[in-house]
Amino acid sequence: MMSLPLDVPPPGNVQVGLDDVMLWGVLPYLVLAILILGSIWRYRYDQFGWTTRSSQLYESRLLRIASPLFHFGILAVIVGHFVGLVIPKTWMDAAGVNEDTYHFFALSVGIIAGVATLVGIVLLIYRRRTTGPVFMATTRNDKVMYIFLLAAILAGLATTVFSVFDTKIVNYRDTVSPWFRSIFIFQPDLVGMTAASMSFKIHTLTGLVLFALWPFTRLVHAFTAPLQYLFRPYIVYRSRGKRPAPGVGTPRRGWDPVGTPDRDRPGVPPK
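Model, not experiment: these values are computed from the prediction.

1. Here we look at the packing of helix α1 (residues 18-45) against helix α7 (residues 176-183)
Part 1: In the contact formed by α1 and α7, the axes pass within 11 Å of each other and the chain directions differ by 55 degrees. Comparing the axis directions of α1 and α7 gives the class oblique. Crossing geometry of α1 relative to α7 is assigned as right-handed. Here α1 contributes Trp24, Pro28, Tyr29 and Leu32 to the contact with α7, which in turn contributes Trp179, Ser182 and Ile183.
Part 2: Residues of the contact of α1 with α7, tallied by class, amount to six nonpolar, one polar and no charged.

2. Observations regarding the pattern of salt bridges
Part 1: Within this structure, the stated rule accounts for six salt bridges.
Part 2: Salt-bridge contacts for Asp174 lead to Lys89; the nearest nitrogen and oxygen are separated by 3.9 Å. Here Asp174, found in the loop between α6 (140-165) and α7, pairs with Lys89, found in helix α3 (residues 89-94); they are 85 residues apart in sequence, far enough to count as distant.
Part 3: Overall, the relative accessible area of 28% leaves Asp174 in the partly exposed class.
Part 4: Relative accessible area serves as the criterion here: at 26%, Lys89 is assigned to the partly exposed category.

3. Observations concerning the environment of Pro188
Part 1: Along the chain, Pro188 falls in the loop between α7 and α8 (190-194).
Part 2: Each C-alpha atom of the pair Pro188 and Gly25 lies 5.7 Å from the other, and the pair is 163 residues apart in sequence.

4. Side note on the confidence of the model for the protein chain
Part 1: A residue-level look at the protein chain finds 79% of positions with pLDDT of 70 or above and a mean pLDDT of 82.
Part 2: For the stretch residues 1-9, pLDDT sits under 50, and the model shows 29 contacts to residues farther than four places along the chain or on other chains.

5. Re the nonpolar core
Part 1: Counting residues in each nonpolar core, the largest one holds 16 residues, and the members touching the most others are Phe70, Ile121, Leu124 and Leu149.
Part 2: Among the elements of the structure, α2 (63-86), α4 (99-130) and α6 are those that each provide at least two residues to this core.
Part 3: Considering every element that reaches this core, the biggest residue donor is α6, with five residues.
Part 4: Beyond its immediate sequence surroundings of up to four residues, Leu124 is in contact with Leu63, Ala66, Ser67 and Phe70.
Part 5: Judged by nonpolar contacts, the second largest core, of 13 residues, contains Leu85, Tyr172, Trp179 and Ile183.

Rules of the game
Residues numbered from 1 in each chain as written. Predicted model: local features only at pLDDT ≥ 70, side-chain atom pairs only at ≥ 80, totals over all residues. Heavy atoms only, no water. Axes fitted to C-alpha atoms, helices over the stretch in contact; angles between N-to-C directions. Helix = DSSP H or I, 4+ residues; strand = E, 2+ residues; numbered from the N terminus. Parallel < 35°, antiparallel > 145°, perpendicular 65-115°, else oblique. Left-handed = near helix turned anticlockwise from the far one by under 90°. Contact = heavy atoms within 4.5 Å. Nonpolar A, V, L, I, M, F, W, Y, C, P; charged D, E, K, R; others polar. Salt bridge = Lys/Arg side-chain N within 4 Å of Asp/Glu carboxyl O. Buried < 20%, exposed > 50% of the residue type's maximum accessible area, 1.4 Å probe, protein only. pLDDT = per-residue confidence, 0-100. Core = buried A, V, L, I, M, F, W, Y, C linked by side-chain atoms within 4.5 Å.

If you want it as structure tokens, here you go:
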């Protein structure tokens, strides 16, 4: 299998400056605080605004194409980020997934998912801009959200493309991934993130800004996705019985006949 340029080890003697401390040691915790506290505030004081503000009523032709592309694409992107950032490289090696195999699938699936997500979000923005009623229902928060969401998707695709053609790209599994995991144990790996390539830093920063905006936009609906819909019981429909033919008057309701099973049988005289 072909060897990909992501196998380049991180450079040694990395100098961590004050800007690195602020960006990779302080900013992530500020974003987490805004995301958690902002979501709690939004849920407690703006439950009626906790919605996608669906615009399907105004236009559905483009929405039927753009929405599945974006949502299924972003789900695949999230799964890819989880595998790349949360699962350590040593675990993948122990499972028998070597570096070449991992990057082959990561690049192929990542490009497909990224392109689908990009096409979906572009169509959604085009629909929102060109459909009058949908554009009128667009708020300033929506516009800002779309800008940073599109920027994060483009930056993610750019890192994928650069990792194929640029031999100087540093393996994110040796830099960004350890830093990401270290955030949650309150020991930020500043050296690892400082050694990361510029494209990964830009992608990370756009993602942090997007998460900081998350509680104040329609993106909060992702926290209350109707997953129970997948496990709901079947809806049973029952007929109301035969209806009278057109032009025939509806019979007046009276006493229901009371009888025994013998009387209900045809041809059996009553006792």
